Amino acid sequence: MKIVADENIPLVRECFAGLGEVITLPGRSICADDLADADVLVSRSVTKVSRELVQNSRLKFVGTCTAGFDHVDVEALNELGIGFSSAPGCNARSVVEYVLCALDILAERDGYRITGRTVGIVGKGQVGGRLFRALQALGVNVIANDPFLEPEAGVELVGLNELIERCDVIGLHTPLTTTGSHPTHHLLGESQLLALKHGTVLINAGRGAVVDNRALLSVLKSRDDLSVVLDVWEHEPDVDPELLELVDIGTPHIAGYSLDGKITGTVMVYQALCRFLGLPARVSQRDLTPLPPLMKLDFTGTVDADQATSVAMRATYDIRRDDALMRRLLKMEPEARRLAFDFMRKNYSERREFSTLKIDARRSEQAVQERLAALGFHLPDE
Ligand SMILES: NC(=O)c1ccc[n+]([C@@H]2O[C@H](COP(=O)([O-])OP(=O)(O)OC[C@H]3O[C@@H](n4cnc5c(N)ncnc54)[C@H](O)[C@@H]3O)[C@@H](O)[C@H]2O)c1
Ligand SMILES: O=C(O)[C@H](O)[C@H](O)COP(=O)(O)O
């Protein structure tokens, strides 16, 4: 069996080599010729899996080791009898942690506490749902907009306009869709952006085109009260340098790039392929996941909850580093910028999730322990 895979999939050989010959290629340039005699394609989001790409191949299965699958023509795969799997939720924790770290940095910079703000989550699925619960556990007032959800106890669901009117922080976590009853392409256009409350923090870690980037640029030119965090950009890997300059935090689509999230994505697609082939899954995620570089923090009784959370979060992930690297794009010509965007993603430094860090907070106040646990750090009892 021939398996063609994106070269940017961690542990792709460790997972798939037991099932066939694995050929790795740059994801953006995988073409129909590369797939002519392939049985399986394992992609990430940069490979446009269109009808044209797959229709003349002998592919039996396509997997994308990502949560989003707007790059895949699922209807065409169904019609052609090609099996498909994505990796729902694989990197949801990673995105949640990205958002929490961004808010921690902005709150410190601007002198407020997130607990005093109202946060609105647009798209309460794997990412948005976890973010909702984490913020609630921290004592933040959270509301959500998701037209596909049924009412649920403890969750205030509102329309998008109401969410915009009421929220100090807005996180976008929908898929990118252009059809159906509630398409998300340009969900936030000029009128929604102009309607944002004074001082709103807008975070897009879903897909770039959910926000009309041209409208965002024009609104940011006239509104310096807004704070914007963009992990995703319309027309990636082309990033508009004018927009990058005006956002408060800009990163190269790495919100979901924790090593844990990426390995989970690879393993989920490996497991789906095994099921499709009717074979046992012999590779286990536990065996593949390396130890984190930082394993333990020990707080004394003198630390308070704000200090403890900032130290623990920044020890695990300091988003300012990604923002600083991203700003190097500002000095580049367009082609170099495109290449650098992909280079940063391919060579992304190892980032681990909060749960990989054990924190001994037994000598600290209860409030410290509760806050760290709400964020998902590992607080062993002994
Ligand atoms: N930046 C990153 O690294 C990164 C990582 C993971 C996921 N993503 C993106 O984030 C998206 C969400 O991820 P997820 O795992 O939570 O997906 P999900 O499918 O679990 O959740 C998406 C939610 O959005 C809701 N939704 C759909 N259309 C909507 C609309 N018009 N208005 C409001 N809500 C709407 C859905 O009902 C669903 O509950 C993915 O599709 C992907 O594009 C980005
Ligand atoms: O949808 C996802 O899972 C994320 O956007 C993912 O992090 C994209 O990463 P890529 O496939 O572009 O490497």
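Basis of the calculations
- Residues take numbers from 1 onward in each chain, read along the sequence in its written order.
- Here the convention is simple: chains get letters from A, ligands get numbers from 1, in the order in which they are written.
- Local features are withheld for residues below a pLDDT of 70 in this predicted model, meaning they are given only at 70 or higher, and side-chain atom pairs are given and counted only at 80 or more; totals for whole chains, interfaces and linings count all residues.
- Helical segments are the DSSP runs of H or I of at least four residues, strand segments are the runs of E of at least two, and each set is numbered from the N terminus.
- Restricting the calculation to C-alpha atoms gives the radius of gyration, and the globule rule supplies 2.2 Å times the number of residues raised to the power 0.38.
- Each residue is classed by its C-beta neighbour count within 10 Å, where at least 20 other C-beta atoms makes it buried, 12 or fewer makes it exposed, and intermediate counts make it partly exposed; the C-beta atoms are placed from backbone geometry.
- Throughout, a pair of residues is in contact if the C-beta atoms placed from their backbones lie within 7 Å.
- Residues are classed as near a molecule or strand if the C-beta position derived from their backbone is within 6 Å of it.
- Each residue is assigned to one class: nonpolar for Ala, Val, Leu, Ile, Met, Phe, Trp, Tyr, Cys and Pro, charged for Asp, Glu, Lys and Arg, and polar for all the others, Gly among them.
- UniProt positions are given in the numbering used here, feature names are shortened, and annotations may be inferred rather than shown by experiment.
- Criterion used throughout: strands pair if DSSP finds at least two bridges between them.
- The convention used is that axes are lines fitted to C-alpha atoms, helices contributing only their stretch in contact, and that angles between N-to-C directions extend from 0 to 180 degrees.
- For classification purposes, angles smaller than 35 degrees are called roughly parallel, those larger than 145 roughly antiparallel, those between 65 and 115 roughly perpendicular, and all remaining angles oblique.
- When the near helix sits turned anticlockwise from the far one by under a right angle, the crossing is termed left-handed; a clockwise turn instead gives a right-handed crossing.

**Quick notes on the overall build of the protein chain**
Then comes step 1: When helices and strands are tallied, the protein chain shows 16 helices and 13 strands.
Then comes step 2: For a compact globule of 382 residues, the expected C-alpha radius of gyration is about 21 Å, and the protein chain comes in at 21 Å, within 12% of that figure.
Then comes step 3: For the protein chain, the spread of C-alpha atoms along the principal axes amounts to about 60 × 55 × 45 Å.
Then comes step 4: Taking all 382 residues of the protein chain together, the buried fraction comes to 44%.
Then comes step 5: The contacts of the protein chain with a sequence gap of at least 6 include a subset with a gap of at least 24, amounting to 61%.

**Things to note about the site of ligand 2**
Then comes step 1: Around ligand 2, a shell composed of Asn8, Arg44, Ser45, Val46, Thr66, Ala67, Gly68, Asn91, His253, Gly256 and Tyr257 is seen.
Then comes step 2: Across the shell around ligand 2, the residue classes tally to 3 nonpolar, 7 polar and 1 charged.

**Remarks on the UniProt feature "binding site: NAD(+)" (unreviewed entry) in the protein chain**
Then comes step 1: Residues annotated in UniProt with the feature "binding site: NAD(+)" (unreviewed entry) correspond here to Gln126, Val127, Asp146, Thr174, Asp231 and Gly256.
Then comes step 2: Mapped onto the elements, Asp146 comes out in the loop between strand S7 (141-145) and helix H7 (160-166).
Then comes step 3: For Asp146, a count of 21 C-beta atoms within 10 Å translates into the label buried.
Then comes step 4: Residues within four places of Asp146 in sequence aside, it is in contact with Gly123, Lys124 and Leu157.
Then comes step 5: With respect to the element layout, Gly256 can be found in the loop between strand S11 (249-250) and helix H11 (259-277).
Then comes step 6: When near neighbours in sequence (up to four residues on either side) are disregarded, Gly256 contacts Ala67, Asn91, Ser94, Val95 and Gly261.

**Details of the sheet that holds S11**
Pairing between sheet strands relies on hydrogen bonds along the backbone, with the strands arranged either parallel or antiparallel.
Then comes step 1: Overall, parallel pairing links the 6 strands, which are arranged S7-S6-S8-S9-S10-S11 in an open sheet. In this open sheet, the two edge strands, each paired with only one partner strand, are S7 and S11.
Then comes step 2: Relative to S11, strand S10 (residues 227-230) runs parallel, the two sharing 2 bridges. Bridge assignment links Leu230 to a residue of S11, and that residue is Gly250.
Then comes step 3: Contacts between helix H6 (residues 126-137) and the sheet are confined to strand S6 (118-122), S7 and strand S8 (169-172), with S7 contributing the most and set at about 160 degrees to the helix.

**Here's the deal with the sheet that holds strand S5 (residues 83-85)**
Then comes step 1: Across the sheet, which stays open at both edges, the 5 strands sit in the order S2-S1-S3-S4-S5 with parallel pairing between neighbours. In this open sheet, the two edge strands, each paired with only one partner strand, are strand S2 (21-25) and S5. For this sheet the average axis-to-axis angle between neighbouring strands, irrespective of direction, equals 15 degrees.
Then comes step 2: Strand direction decides the pairing type here: strand S1 (residues 2-6) and strand S3 (residues 40-43), joined by 3 bridges, are parallel. The partner of Val4 across the bridge, within S3, is Leu41.

**Describing the UniProt feature "domain: D-isomer specific 2-hydroxyacid dehydrogenase NAD-binding" (unreviewed entry) in the protein chain**
Then comes step 1: Following the UniProt record, one finds the feature "domain: D-isomer specific 2-hydroxyacid dehydrogenase NAD-binding" (unreviewed entry) at residues 109-255.
Then comes step 2: Secondary structure within residues 109-255 divides into 29% helix and 16% strand; the distance between the first and last C-alpha atoms comes to 21 Å.

**Focus on the site of ligand 1**
Then comes step 1: Looking at ligand 1, there are 33 residues lining it, with Gly68, Gly123, Gly125, Pro175 and Gly256 nearest.
Then comes step 2: Where the shell around ligand 1 is concerned, the elements lending two or more residues are helix H5 (92-110) and H6.
Then comes step 3: Sort the elements by how many residues they give to the shell around ligand 1 and H6 lands first, with 3 residues.
Then comes step 4: Considering only residue class, the shell around ligand 1 consists of 14 nonpolar, 15 polar and 4 charged.

**Points about the packing of H5 against H6**
Then comes step 1: Between H5 and H6, the shortest axis-to-axis distance is 8 Å and the interhelical angle comes to 50 degrees. Judged by the inter-axis angle, H5 sits oblique to H6. Crossing of H5 against H6: the hand is right-handed. Residues Ala92, Arg93, Val95, Val96, Val99 and Leu100 of H5 touch H6, and the partners they reach there are Gln126, Val127, Arg130, Leu131 and Ala134.
Then comes step 2: Of the residues belonging to the contact of H5 with H6, the class tally is 8 nonpolar, 1 polar and 2 charged.

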